[in-house]
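Chain residues, written in single-letter form:
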Amino acid sequence: MKIGIIGPAAAGKTTLFNALTGDAASTGGYGAARVNVGAAAVADARVDALSGVFRPKKTTHAAVDFVDAPGVGDAARSAEVIPQALEGADALLVVVRAFEDAGVPHPKESIDPARDLNDVRFDLMLRDLAVVERRVERLERLVKLKKDPAEAAEFALLGRIRETLEEGRPVRSMQMSEDEARSVKGFGFLSAKPLLVVVNIGEDQLREADAFSKLNGETPVVLAAKLEEEFAQLSEDERAEFLADYDLESSALDKVVQAAFSLLDLRCFFTVSEEEVRAWPVRAGTIALHAAGTIHSDLERGFIRAEVLSFPDFMAAGSLAAARDKGTLRLEGKEYVVKDGDIFHVRFNV
Ligand SMILES: Nc1nc2c(ncn2[C@@H]2O[C@H](COP(=O)(O)OP(=O)(O)OP(=O)(O)O)[C@@H](O)[C@H]2O)c(=O)[nH]1
Ligand SMILES: [Mg+2]
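The shown structure was predicted, so the numbers you read here are calculated from the model rather than taken from an experiment.

### Observations concerning the packing of aromatic side chains
All told, the structure shown has seven aromatic pairs when counted by the stated rule. Ring centres 4.9 Å apart and planes at 50 degrees place the aromatic pair F269 and F344 in the tilted group. Of the two residues, F269 is situated in strand 8 (residues 266-271) and F344 in strand 12 (residues 342-348); the sequence distance between them amounts to 75 residues. In this structure, F269 and F344 share a single accessibility class: buried. The rings of F231, F242 and Y246 are connected pair by pair, giving a single aromatic cluster. Positioned over the ring face of F231 is R239, at 4.7 Å from the centre of the ring.

Okay, here's the thing in structure tokens:
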């Protein structure tokens, strides 16, 4: 799963990226058309508990990939670099700035997160409109010449998309059939992607964080990216003291990752052994056959059955053998819909 970080210049995108991924990409280089890529582990106490039981050589938490794009706003850059970096993203994370700092000039020379969020939404739609128009122009001639039904259908769909965008609504607000949704995916429309909003506050605003709990109809995650960046660089021992200093209960980074997870409607299943305990994120509604395929294509090809056990049932039994004896370990077929927290073992034959 990949999330693109976007927002106005100097909003703190790279700072948040560093905090999330534990990287140290250089911040403050406004205007640099540099794209950073990194991963954040998804904290999950269940994985830690399973790891405690199996004591595996390796423990792998689910991960979310983040792509840190340069600031939107500069027309030339937003037309080229940003879409390329973001087209493959499953969702977009918009960082808007609430922190005041005279040393960090805002491109619009005033601090207004609601305005900035609207600007970003607008930029995304504008860019999609340009994509639609280029494609429509090419198709218009083809449709007249060849009368190909697939092209005619695409032409009609693009017409609807154009209308939606011209009315100021994002592509994701449209009702679409499965086929239409698939073809829209191919265009990489940015306003079709789910949007997660982060308001970046200054450390002096921690007490006023509630003021941003609603922003233009969105429910953003409010955090101080610079503090989170510092926090991410600390050792376990130093962290508690750091949180106490700022009167914080916990880092907000988990909230960002959790919000991304629920935005994309992801569930985690687990595989367990002495070799590795691992969490696998899949979309809600994923069937056992496809879950097997995310582990390895051989498991999907040669799928026979899956042994499935819920995390609480496993912990209650204490071991796989005990769960089998108690009858809480079940056999499921290809069509079984994987649930969050399932422990999963595929029987296969290739
Ligand atoms: N005071 C203060 N400064 C911050 C905060 N967050 C980020 N900054 C600073 O703002 C500057 C810009 O931060 P970046 O993370 O580089 O911003 P960006 O959105 O990646 O900027 P571009 O990539 O140029 O669009 C850096 O000097 C950061 O240290 C904050 O919460 N408070
Ligand atoms: Mg940056």
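### A short note on the nonpolar core
L16, L20, L50, F66 and L93 are the most contacted members of the largest nonpolar core, which has 45 residues in total. Counting residues in each nonpolar core, the second largest holds 25 residues, with I6, V96, F212 and F231 among its members.

### A word on the pattern of salt bridges
On inspection of all chains with the given rule, the structure shows 22 salt bridges. In this structure, the salt-bridge partner of D179 is R182, at a minimum N-O distance of 3.2 Å. Here D179 and its partner R182 are both found in helix 7 (residues 178-187), three residues apart, which amounts to about one turn of the helix. In this structure, D179 and R182 share a single accessibility class: exposed. The partner of R267 in a salt bridge is D265, and the shortest N-O contact between them spans 3.3 Å. Residue R267 is classed as partly exposed on the basis of its relative accessible area, which comes to 28%. Since its relative accessible area comes to 39%, D265 is described here as partly exposed. Connected through salt bridges with shared partners, the residues D44, R46 and D340 form a single ionic network.

About the criteria used
Residues numbered from 1 in each chain as written. Chains lettered and ligands numbered in written order. Predicted model: local features only at pLDDT ≥ 70, side-chain atom pairs only at ≥ 80, totals over all residues. Heavy atoms only, no water. Phe/Tyr/Trp six-rings, centres within 6.5 Å; stacked < 30°, edge-to-face > 60°. Helix = DSSP H or I, 4+ residues; strand = E, 2+ residues; numbered from the N terminus. Buried < 20%, exposed > 50% of the residue type's maximum accessible area, 1.4 Å probe, protein only. Lys NZ or Arg CZ within 6 Å of the ring centre and 35° of its normal. Core = buried A, V, L, I, M, F, W, Y, C linked by side-chain atoms within 4.5 Å. Salt bridge = Lys/Arg side-chain N within 4 Å of Asp/Glu carboxyl O.

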